[in-house]
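Single-letter residue listing:
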Amino acid sequence: MAAYFNSNQLRSSLQDLVKVYISECKECEVLSQDCMDLLKHNFLADFVVYNKAEDCIELGVSNSDKFEGYPEIEVYKFPLEDIGKKVDHSFKNNHEDLEFYGKLVGRRKGIGSNSVILMD
């Protein structure tokens, strides 16, 4: 069964999904792979980890474009509670990004990652 979304519906579903990710992280003290993939995608991060001691998510973003030994990575820390706002602010509205969001939403809703259809 397919699910049809326009970009506003997809954004709303993604906001709800991020709330679920945060809730699961609080309960299990582990960040789900889908949540890590979303954060890496939106922030172009090289790594994402949940820091239990500080109750925050750390994103590592490479500052260099060239590969010359070890990359310089800047680490950004966001309180777990603020991640929903950060993801919403970094929401991208182009077709490729909407497809990525649709796959995440589809997996969570149990409709299959390829069963989400985007409408204009």
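The present account deals with the structure reproduced in this document.

The rules we used
Residues numbered from 1 in each chain as written. Predicted model: local features only at pLDDT ≥ 70, side-chain atom pairs only at ≥ 80, totals over all residues. Heavy atoms only, no water. Helix = DSSP H or I, 4+ residues; strand = E, 2+ residues; numbered from the N terminus. Buried < 20%, exposed > 50% of the residue type's maximum accessible area, 1.4 Å probe, protein only. Contact = heavy atoms within 4.5 Å. Salt bridge = Lys/Arg side-chain N within 4 Å of Asp/Glu carboxyl O. Pairing = 2+ DSSP bridges. Axes fitted to C-alpha atoms, helices over the stretch in contact; angles between N-to-C directions.

## Focus: the overall build of the chain
On a plain count of helices and strands, the chain comes out with four helices and five strands. Mapped from its N terminus to its C terminus, the chain presents α and β elements in the order β-α-α-β-β-β-α-α-β. Evaluated residue by residue, the chain yields a buried proportion of 34% over its 120 residues. Restricting the contact set of the chain to residue pairs at least 6 apart, pairs at least 24 apart contribute 49%.

## Here's the deal with unusual backbone geometry
A positive phi angle is found at Leu44, which is not glycine, with a value near 50°. Here Leu44 shows up in the loop between α2 (33-43) and β2 (47-51). Judged by its relative accessible area of 64%, Leu44 is exposed.

## Quick look at the pattern of salt bridges
Under the counting rule described, the total for this entry stands at five salt bridges. Between Asp88 and Arg11 there is a salt bridge, with its nearest N and O atoms 2.8 Å apart. Of this pair, Asp88 sits in helix α3 (residues 83-89) while Arg11 is found in helix α1 (residues 7-28), placing the two residues 77 residues apart along the sequence. A relative accessible area of 23% means that Asp88 is categorised as partly exposed.

## Topic: the side chain of Ser90
Among the structural elements, Ser90 can be located in the loop between α3 and α4 (95-109). Sequence-distant contacts of Ser90, that is, excluding residues within four places in its chain, are made with Asn42, Phe43 and Tyr101.

## A look at the sheet that holds strand β3 (residues 56-62)
With respect to topology, three strands assemble into an open sheet ordered β2-β3-β4, the strand pairing being antiparallel. Looking at the sheet topology across the chains shown, the edges are occupied by β2 and β4 (73-79). Neighbour-to-neighbour, the strand axes of this sheet turn through a mean angle of 25°, independent of strand direction. Examined bridge by bridge, β2 and β3 share five bridges and lie antiparallel to one another. Residue pairing in the sheet places Asn51 in a bridge with Cys56 of β3.

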